[in-house]
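For reference, the chains in residue letters:
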Amino acid sequence: MNDNDHDLTEQERAELASLPRERDTGQLLEERTVQALRHQQLLGTRFRPRWYRRTLLVAAGVAAAVAFFVSGLAVGQWLGTRTVTDSMAAANHQTAMQAAAAVQRAGSAYVLALTALAQVADTTDDRAVDQGREVALASLYAAVRELVLLAPDDPMAVTLRQELERLQQGGTADVTQVTNLVWF
Amino acid sequence: MQPFSRPTTPRDVNATDALAELGDRALAERVQLKGDEQAFRMLYRRHTPKLYQFALRVLGGNELDAEDVVQETWLRAVEGFREFRWEAALGTWLTGIALNLCRGLFRRHDRRWIAIREDLELVTAPRQEHEIIDLEAALTRLPPGYRTVVVLHDVEGFTHEQIAERLEISANTSKSQLSRGRRMLRSLLGPHESEQVRV
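Since the structure is predicted, the reported quantities are computational estimates derived from the model, not experimental observations.

S.K.: I tried to follow the overall build of chain B on my own but got confused; where do I start?
M.R.: Within chain B, the secondary structure is distributed over nine helices and zero strands. For chain B, the succession of helices and strands along the chain, N to C, is α-α-α-α-α-α-α-α-α. Counting the 199 residues in chain B, one finds 39% classified as buried. At a minimum sequence separation of 6, the contacts of chain B that also span at least 24 residues come to 59%.

In C-alpha cells, the structure reads:
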C-alpha cells in the first residue's frame, strides 16, 4: 500500500494538532509516585546513593565470602586434626599393644630358656651353664631397671631393683632368695 | 511531611523558585545524588502532564493503567538517571519508557498488540448508527497496534524510523500500520458505512 494514499488532509492535520498534549493527573498520583520512590529508598531521608547501596552490597558479599571461607577453613582444619589425632591414637594404641605382646613373648622365651638351662645344668659343661646363668641375671637386672622406669610406684619392681643393686654392690644377698624372686 | 503539602513558608517558596530555574539535568542530578524530593517534584510537575496524556492516549483512555504507567515510568527513570546520557531530551526518554510499559500492558492483556502483523484481520468496536464521535474517542477505538503508530506519528511527531526503533518493527511496517490506522480512523469519523471496519 502506498503511504501517500492516506496522507492527511489539512483538516485532519488541524484536528490532530488540536488534540491536547497535556493532562493534569492530580495530586494523588504525585504523592503515590513519591511514596513509591521513598519506599525504594530513591528519595527522602532514607535515600542512599546507588553507589552507596552497591558498595554496601559488595561489602556484604565480601564479608559473607570471607566468613564462608574462614568457617570452611576452620571446619577443614578441625576435621583434619581430628583425623590425625585419631590416627595417632590408634597407632599408639597399636604400638603399646604390640610392645606388651613382645614383653609377653620375650618373658615366656626367657623363662623357657632358663628352664632348658636348668635341665642341662647337671649334664653339660659347668662353665657354659655359669655363663648362661650370668647372662640370665644380667638380663633380669636390666629388665628390672626398665620395669622401675616403667612403673616407679610399683612396690614389687622397686623392691626387686633394690635387692639386685644390693647384691651387685655387697654380694651378700641370699642367692636362694634371688632365685625365689626370679621365679616368683 | 504532610500529604499534599505545598511549600508555604517563604524559605520553601524561595527554594522552589530556585529549583524551577534549574534545568532537567541539574534537577535529575540532585535526585540521583541526594535523593532530593523537591527536585523530583519539580521534574515530575514539569513532565508528567505530557507523559500522562501520552500514556492515556496510547492505552485507549484507560486512566488507571495510564496512572500506573506514569508511576512506573518515574520509578524506572529515577533508577536509570545514572545511565541516561542526556543525548536526548528527558521528555523523549520518559516517553520511550512509558511506551515500553504500555506495550507490556498490551501483551499482558492480550489486546492484539500484534495487530502489527500484516495478515491479521481486525474488527473495531461497532459504531452505533448516527453516533457522532470525536477524534479522541475514535483513537480509543483503534486496535492498540494501529493506535500506537498513529499516536506516535500523527500526534507526537515521531518519524517512521523512530517508531520502528521503539516498537522493534520495520519502518515499512510502521508506514503500513499508519496507513491502515488512518483509514480506520476516517471510517470511524466519517459517514457511517458499515458496522465493521475491515483492515
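S.K.: Sorry, what's going on with the confidence of the model for chain A here?
M.R.: When pLDDT drops low, the exact placement of atoms in the prediction is not to be read closely. Residue and element names in this part refer to chain A. When pLDDT is averaged along chain A, the result is 79, and 83% of the positions lie at 70 or above. For chain A, per-element mean pLDDT is lowest for helix H6 (residues 175-183), which scores 49, and highest for helix H2 (residues 27-39), which scores 94. Taken as a whole, residues 1-5 scores under 50 in pLDDT and shows five contacts with residues more than four places along the chain or in a different chain.

S.K.: I'm lost on the packing of helix H8 (residues 160-167) of chain B against helix H9 (residues 171-189) of chain B in this one. Help?
M.R.: Describing two packed helices takes the angle between their axes plus the distance from one axis to the other. Residues and elements named next belong to chain B. At a minimum axis distance of 8 Å, the contact between H8 and H9 shows a crossing angle of 105°. One element, H8, and the other, H9, form an angle in the roughly perpendicular class. Contacts between H8 and H9 pair His160, Glu161, Ile163 and Ala164 from the former with Ala171, Ser174 and Lys175 from the latter. Partitioned by chemical class, the residues of the contact of H8 with H9 number three nonpolar, two polar and two charged.

S.K.: Just to check I follow, could you spell out the interface of chain A and chain B for this structure?
M.R.: Counting residues at the interface gives 30 residues for chain A and 32 residues for chain B. Of all the secondary-structure elements, those providing two or more residues to the side of chain A that touches chain B are helix H1 (10-18) and H2 of chain A. No other element matches the nine residues that H2 of chain A contributes to the side of chain A that touches chain B. When grouped by side-chain class, the residues that make up the side of chain A that touches chain B number 13 nonpolar, six polar and eleven charged.

Definitions and limits used
Residues numbered from 1 in each chain as written. Chains lettered and ligands numbered in written order. Predicted model: local features only at pLDDT ≥ 70, side-chain atom pairs only at ≥ 80, totals over all residues. Helix = DSSP H or I, 4+ residues; strand = E, 2+ residues; numbered from the N terminus. Buried ≥ 20, exposed ≤ 12 C-beta atoms within 10 Å, placed from the backbone. Contact = placed C-beta atoms within 7 Å. pLDDT = per-residue confidence, 0-100. Axes fitted to C-alpha atoms, helices over the stretch in contact; angles between N-to-C directions. Parallel < 35°, antiparallel > 145°, perpendicular 65-115°, else oblique. Nonpolar A, V, L, I, M, F, W, Y, C, P; charged D, E, K, R; others polar.

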